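Listed here are the chains, written in short residue letters.
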Amino acid sequence: MKIIRKLLAACVMVAGLSMTISASAEESKLPNLGDSASASAIAKESLRKDAICTRCHDETEMTPLLSIYQTKHGVKGDPRTPTCQSCHGESEKHLKGDPAIKGRAAPDIVYKTRTYQASDASVRANVCLSCHKGGLRTRWDGGQHQANDVVCNNCHTVHQPTDKLLNRKTQTEVCFSCHKDQRADSMKISHHPIGEGKVVCSDCHNPHGSAGPKLMKKNTVTETCFTCHAEKRGPFLWEHQPVTEDCTNCHTPHGSNITPLLKSRPPFLCQECHDGPHNSQAPYAGVAAGIQGGLTNASKYVNPSSSAAGRACMNCHVMVHGSNSPSGALLHR
């Protein structure tokens, strides 16, 4: 009994020590916002700087700018919150004028072409990345969006209380404004439930950059698909090579008029790799339709081919994603 008591006491001590270590680790992750006095002073200075801009850019603006104070970028209780100058620059010439320029000079950094020409894409992106660094944005440089001069403010709305891109209900509206082919595909008969609001673009893609193709969240297309379609992952005793290689060998992810998201209708999809039908002695176009294709009772091939009608190849080869049956070498079971 004494040994058991000692063991229990030791377990309690270890558990308490681990809880203390984990608590201290959690505390170390919290940001240091400074003491309340310095935070208050920073907030006042921040409001003073903002007032330089908001004395002109007030509620009369056609674009509601002051609603930024309803967002995280306007929380003055947090000393890390940026000011107008943090993003748009000090803009001395815009404030005091420039004798070399007719009219009012542009701010140092302009995000949208309206009154003034927008600043270079790299300049605008670097302002945002000076705070929003690391994490999902690690691979921004060299990504497709960065390479095509698509920057943060093309997709995000900083001054609005709600950002459409960060809301799953409205995210696809933003993406489809450029990716119109994908919008059309999502309206086809067989599609991922994008319009139904169950799947959004960011479930599969990382718009800020990726190590994989097509800005996929994972390193490969197949790995990304397996995050939802885990039952197709395996491992299988008998594998189907196109499945382990790339799901898009057979499927088109955004939508198809052939269920389930197939690029082509079987058996023609299968014959892109498996050339030569089993019933090769018959004219394939005819046996695929049988009597409806114009064959008469006198013909040898009245009935549709078993490898072309119904589910075509999947009439027999049902385990197309792989099989664990000892007798499933041909993906029959």
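Just so we're clear, the structure is a prediction, and the values are computed from it rather than from any experiment.

About the criteria used
- Residues numbered from 1 in each chain as written.
- Predicted model: local features only at pLDDT ≥ 70, side-chain atom pairs only at ≥ 80, totals over all residues.
- Heavy atoms only, no water.
- Helix = DSSP H or I, 4+ residues; strand = E, 2+ residues; numbered from the N terminus.
- Buried < 20%, exposed > 50% of the residue type's maximum accessible area, 1.4 Å probe, protein only.
- Contact = heavy atoms within 4.5 Å.
- Arc of directions from axis to C-beta.
- Salt bridge = Lys/Arg side-chain N within 4 Å of Asp/Glu carboxyl O.
- pLDDT = per-residue confidence, 0-100.
- Polar contact = N/O pair within 3.5 Å; in protein donor to acceptor, adjacent residues only side chain to side chain.
- Disulfide = S-S within 2.5 Å.

Enquirer: Would you mind showing me how to read the overall build of the protein chain here?
Expert: Looking only at helices and strands, the protein chain features 12 helices and 0 strands. Counting helices and strands in the order they occur from the N terminus, the protein chain gives α-α-α-α-α-α-α-α-α-α-α-α. Relative to its 333 residues, the protein chain shows a buried fraction of 27%. Of the contacts made within the protein chain by residues no fewer than 6 positions apart, 43% connect residues no fewer than 24 positions apart.

Enquirer: I would appreciate a short explanation of the environment of Ala 105 in the present structure.
Expert: With respect to the helices and strands, Ala 105 occurs in the loop between helix H4 (92–96) and helix H5 (121–129). Here Ala 105 falls in the buried class, since its relative accessible area comes to 4%. For the pair Ala 105 and Lys 93, spaced 12 residues apart in sequence, the C-alpha separation works out to 5.9 Å.

Enquirer: Which parts of the structure should I look at to understand H5?
Expert: Residues three or four positions apart in an α-helix share a direction because the helix packs 3.6 residues into each turn. Every buried residue of H5 is accounted for by Ala 121, Arg 124, Ala 125 and Val 127. Down the axis, H5 shows its buried residues gathered within 155 degrees of arc, on one side only. Close packing links the buried residues of H5 with helix H3 (84–88) and helix H7 (152–155).

Enquirer: Just to check I follow, could you spell out the pattern of salt bridges for this structure?
Expert: Where charged atoms from two side chains of opposite charge approach closely, those side chains can pair. Inspection of every chain in the model, using the stated rule, returns 9 salt bridges. For Lys 76, the salt bridge identified is with Asp 50, shortest N-O distance 2.9 Å. Of this pair, Lys 76 sits in the loop between helix H2 (36–54) and H3 while Asp 50 sits in helix H2, and the two are 26 residues apart along the sequence. Relative accessible area serves as the criterion here: at 13%, Lys 76 is assigned to the buried category.

Enquirer: Hey, could you run me through the confidence of the model for the protein chain in this one?
Expert: Keep in mind that low pLDDT regions are not for reading the predicted coordinates in detail. When the pLDDT values of the protein chain are averaged, the result is 84; 80% of them are 70 or greater. This model gives residues 21–31 a pLDDT under 50, and the stretch forms 1 contact once residues within four places in sequence are excluded.

Enquirer: It is not clear to me how the environment of Phe 268 should be interpreted in this structure. Could you clarify?
Expert: Within the secondary structure, Phe 268 is located in the loop between helix H11 (241–245) and helix H12 (284–287). The spatial distance from the C-alpha of Phe 268 to the C-alpha of Cys 313 is 9.4 Å, given a sequence separation of 45 residues.

Enquirer: Looking at this model, I keep getting lost on the side chain of Gln 171. Mind explaining?
Expert: Tracing the sequence through the fold places Gln 171 in helix H8 (residues 171–176). The contact partners of Gln 171, leaving out residues within four places of it in the chain, are Lys 164, Leu 165, Val 200, Cys 201 and Ser 202.

Enquirer: Any chance you could explain the side chain of Ser 186 here in plain terms?
Expert: Looking at where Ser 186 falls in the secondary structure, it is placed in helix H9 (residues 180–186). Judged by its relative accessible area of 7%, Ser 186 falls in the buried class. Here the side chain of Ser 186 touches Arg 183 through a polar contact of 2.7 Å, landing on its backbone oxygen. Ser 186 has contacts with Phe 176, His 191, Ile 194 and His 254, leaving out every residue within four places of it along the chain.

Enquirer: Would you explain the environment of His 192 in this entry?
Expert: You can see His 192 is positioned in the loop between H9 and helix H10 (221–226). For His 192, a relative accessible area of 24% puts it in the partly exposed group. His 192 sits 61 residues away from Pro 253 along the chain, and the two C-alpha atoms are 7.2 Å apart. A distance of 2.7 Å separates the side chain of His 192 from the backbone oxygen of Pro 253, its partner in a polar contact.

Enquirer: Would you take a moment to explain unusual backbone geometry for this structure?
Expert: Comment: phi is negative for the bulk of residues other than glycine, and the bulk of peptide bonds are trans. At the junction of Thr 259 and Pro 260, the peptide bond is cis and its omega measures out at -10 degrees in the coordinates. Following Pro 266, the chain continues to Pro 267 via a peptide bond in cis, the omega torsion being 5 degrees. The backbone of Ser 91 shows a phi angle near 55 degrees, a positive value even though the residue is not glycine. Following the sequence through the fold, Ser 91 ends up in the loop between H3 and H4.

Enquirer: When you look at the state of the cysteines in this model, what are you seeing that I'm missing?
Expert: Two cysteines form a disulfide when their sulfur atoms are joined by a covalent bond. Scanning the entire structure with this criterion turns up 0 disulfides. Take Cys 316: it sits in no disulfide, and the sulfur closest to it among the cysteines is that of Cys 313, at 8.8 Å.

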